[in-house]
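Residue-level structural notes
Here are the chains, one letter per residue:
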Amino acid sequence: MDSPCKAETPLDELDPGEMGVVVRVEGDPALRKRVLDMGLVPGTPLVVERKAPFNDPVSVRFRGYELGLRCAEARSVLVRRLSLTPCSHCGRRCARRKR
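Here the structure is a predicted model, which means the values were calculated and not measured. (Residues numbered from 1 in each chain as written. Predicted model: local features only at pLDDT ≥ 70, side-chain atom pairs only at ≥ 80, totals over all residues. Heavy atoms only, no water.)

Moving on: the overall build of the chain. Summing up its helical and strand segments, the chain has two helices and six strands in all. Moving toward the C terminus, one meets the helices and strands of the chain in the order β-β-α-β-β-β-α-β. Residues counted as buried form 38% of the 99 residues belonging to the chain. Excluding contacts between residues fewer than 6 apart, the proportion of contacts in the chain whose partners are at least 24 apart in sequence is 56%. (Helix = DSSP H or I, 4+ residues; strand = E, 2+ residues; numbered from the N terminus. Buried < 20%, exposed > 50% of the residue type's maximum accessible area, 1.4 Å probe, protein only. Contact = heavy atoms within 4.5 Å.)

Moving on, we come to the environment of Phe54. Checked against the element boundaries, Phe54 lands in the loop between strand 3 (45-51) and strand 4 (58-62). Assessed through its relative accessible area of 82%, Phe54 is described here as exposed. Spatially, the C-alpha atom of Phe54 lies 9.0 Å from that of Cys71, the residues being 17 residues apart in sequence.

A few words now on the pattern of salt bridges. Evaluated as defined, the whole model comprises nine salt bridges. The network of salt bridges with shared partners includes Glu49, Arg50, Arg61 and Glu66. (Salt bridge = Lys/Arg side-chain N within 4 Å of Asp/Glu carboxyl O.)

The side chains of a regular strand alternate, residue by residue, between the two faces of the sheet. As paired strands, strand 4 and strand 5 (residues 65-69) are joined by five bridges and run antiparallel to one another. Bridge pairing in strand 5 places Ser59 opposite Gly68. Where strand 4 folds back on strand 5, the antiparallel hairpin that results is connected by two residues, among which Arg63 adopts a positive phi of roughly 50°. (Pairing = 2+ DSSP bridges.)

Time to look at the confidence of the model for the chain. For the chain, per-residue confidence averages 82 on the pLDDT scale, and 77% of positions sit at 70 or higher. Highest mean pLDDT in the chain belongs to strand 2 (residues 19-25) (95); lowest belongs to helix 2 (residues 71-75) (90). A low-confidence stretch, residues 95-99 stays under pLDDT 50, and its non-local contacts, those more than four residues away or across chains, total 13 contacts. (pLDDT = per-residue confidence, 0-100.)

Spelled out as structure tokens, the structure:
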């Protein structure tokens, strides 16, 4: 079984205020290229600022600016959740999922 610290989550599943680090970008090549060109490359830390009704668009802040993504675009970005509190699994500040 995978450690909860290694879990990948689509960006559109993070709630406002949650933080994550981009793990990879999936999807068709044109969408993938567009998202990577916007700066959402693996290793980029981000925070979800807000979500519009029905989750479209999702607003994220990273590298000093805010970007709005359509839900389909956000779904193609896989992130590792980050937490400011130590993880109950490994004791580090990593992808502790709140339930």
